[in-house]
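The chain contents come next:
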Amino acid sequence: LKGLTIINGIKPTKDELEAFSFNVEPVLCEESTAQELLGSVDLILLSPGIPREKASLDLAHKNKVKIWNEIEWCSRGFSGEVIAITGTNGKTTTVTFLDLAFKEAGVRTVTGGNIGIPFSTIYHQRDQVDLVLLEMSSFQCESLEEFRPSIAGYLNLFANHGERYESVEGYRLAKWDLVKNQKEGDLTFCGPGTGKPPIEIKSTTIDMPSFWEKELE
């Protein structure tokens, strides 16, 4: 696989470039040059911190270039079980608790995504892993295409990331992308504020407040 690393909008020092340990020589370029280069490739692996609406990606969108993140990329070759958790608050707590619980039960788990280690690192350890627990931010959910967690949790939603989204609704919908590829037999746990999904969800959905209230009766 041949790749091209494009650095746009920053001017890193020589030491900073060496710290990245690129497998290919990075290309430092201005916005217009980056737009031309990105519009001519087959696939872009986008950092979650970069908005998909960034001007340098305009030509890529026009030319229908695939824009993924490393979670989508690595999931293509990963056949193990994945539980993915998103939401405004409580993601790290939930993933950490699940990790401890599964390890106590003898399951070989690894946490990654927005905490722990990148999914790309987990991919190289896949023969020693039974279950992957991923914390997913809305930024990471935006660039998913076929990624499918067998169990997903959309814990809650509160106003956040106004620097990225024009409205809370845009933020809410971005997180729903986490479950768009789930199938029958998969599970989705939904919490307060998450609202109605924008598409038909094929997985079994469980409203968490109602679920816990029922258990307490």
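Think of each chain on its own: its residues are numbered from 1, step by step along the sequence as written. The model is predicted, so local features are restricted to residues of pLDDT at least 70 and side-chain atom pairs to those at 80 or more, both for listing and for counting; the totals for chains, interfaces and linings are taken over all residues. Based on all heavy atoms of the structure, the side-chain values leave hydrogens and waters out of the count.

1. Looking at the overall build of the protein
For step 1, the next point in the chain: Each helix is a run of DSSP H or I of at least 4 residues and each strand a run of E of at least 2, with the numbering of both proceeding from the N terminus. Within the protein, the regular secondary structure consists of 9 helices and 10 strands.
For step 2, the next point in the chain: A total of 217 residues make up the protein; the buried ones form 38% of that total.
For step 3, the next point in the chain: Sequence separation of at least 24 residues holds for 55% of the intrachain contacts in the protein that already meet a minimum separation of 6.
For step 4, the next point in the chain: Accessible area for the protein stands at about 12800 Å²; split by element, carbon and sulfur atoms hold 53% of it. Only protein chains enter the calculation, and the probe is 1.4 Å; a residue is then buried if its accessible area is under 20% of its type maximum, exposed if over 50%, and partly exposed in between. Any pair of residues with heavy atoms lying within 4.5 Å of one another is described as a contacting pair. Values of accessible area rely on a 1.4 Å probe in the Shrake-Rupley scheme; residue burial ignores everything except the protein chains shown.

2. Some details on empty space enclosed by the protein
For step 1, the next point in the chain: Two kinds of site are reported from a 1 Å grid over the protein atoms alone, namely cavities, where a 1.4 Å probe fits but cannot get out, and pockets, open sets with protein on both sides within 12 Å along at least five of seven lines, and residues are called lining when an atom falls within 4 Å of a point. Grid points are joined across faces, edges and corners, and a volume is the space filled by probe spheres set on the points. Following the criterion strictly, the structure yields 1 cavity of 30 Å³ or more and no others.
For step 2, the next point in the chain: Counted as a void, the largest cavity has a volume near 30 Å³.
For step 3, the next point in the chain: Considering the residues around the largest cavity, the lining is formed by Thr-86, Ala-152, Gly-153, Tyr-154, Lys-175, Trp-176, Leu-178, Val-179 and Thr-188.
For step 4, the next point in the chain: Of all elements in the fold, only β8 (151-154) and α8 (168-176) reach the threshold of two or more residues within the lining of the largest cavity.

3. Concerning the environment of Val-65
For step 1, the next point in the chain: Looking at where Val-65 falls in the secondary structure, it is placed in the loop between α3 (58-62) and β4 (66-68).
For step 2, the next point in the chain: Sequence spacing of Val-65 and Ile-44 is 21 residues, and the spatial spacing of their C-alpha atoms is 7.3 Å.
For step 3, the next point in the chain: Setting aside residues up to four positions removed in sequence, Val-65 forms contacts with Leu-38, Gly-39, Val-41, Asp-42, Leu-43, Ile-44 and Ala-60.

4. A look at the nonpolar core
For step 1, the next point in the chain: Ranked by internal contacts, the top residues of the largest apolar core, which has 27 residues, are Ile-71, Phe-119, Val-132, Leu-134, Met-136, Phe-147 and Leu-178.
For step 2, the next point in the chain: Of all the secondary-structure elements, those providing two or more residues to this core are α4 (70-75), β5 (81-86), α6 (119-123), β7 (131-135), α7 (138-142), β8 and α8.
For step 3, the next point in the chain: If near-sequence neighbours (up to four positions away) are discounted, Val-132 is found in contact with Phe-78, Glu-81, Val-82, Ile-83, Val-110, Phe-119 and Ile-122.
For step 4, the next point in the chain: Grouping buried Ala, Val, Leu, Ile, Met, Phe, Trp, Tyr and Cys residues that are joined through side-chain atoms within 4.5 Å yields what is termed a nonpolar core. Of all hydrophobic cores here, the second largest spans 8 residues; its members include Ile-83, Val-95, Ile-115 and Met-208.

5. What to know about unusual backbone geometry
For step 1, the next point in the chain: Positive phi values are uncommon outside glycine, yet Lys-64 reaches one of about 60 degrees.
For step 2, the next point in the chain: Summarising the element assignment, Lys-64 is placed in the loop between α3 and β4.
For step 3, the next point in the chain: What makes Lys-64 exposed here is its relative accessible area of 72%.
For step 4, the next point in the chain: Of note in this structure, His-161 is not a glycine but carries a positive phi near 55 degrees.
For step 5, the next point in the chain: One can find His-161 in the loop between β8 and α8.
For step 6, the next point in the chain: We classify His-161 as partly exposed; its relative accessible area is 25%.

6. A closer look at the side chain of Asp-99
For step 1, the next point in the chain: As for its position among the elements, Asp-99 is in helix α5 (residues 91-104).
For step 2, the next point in the chain: The residues touching Asp-99, leaving out its near neighbours within four places in the chain, are Thr-109, Val-110, Thr-111 and Leu-133.

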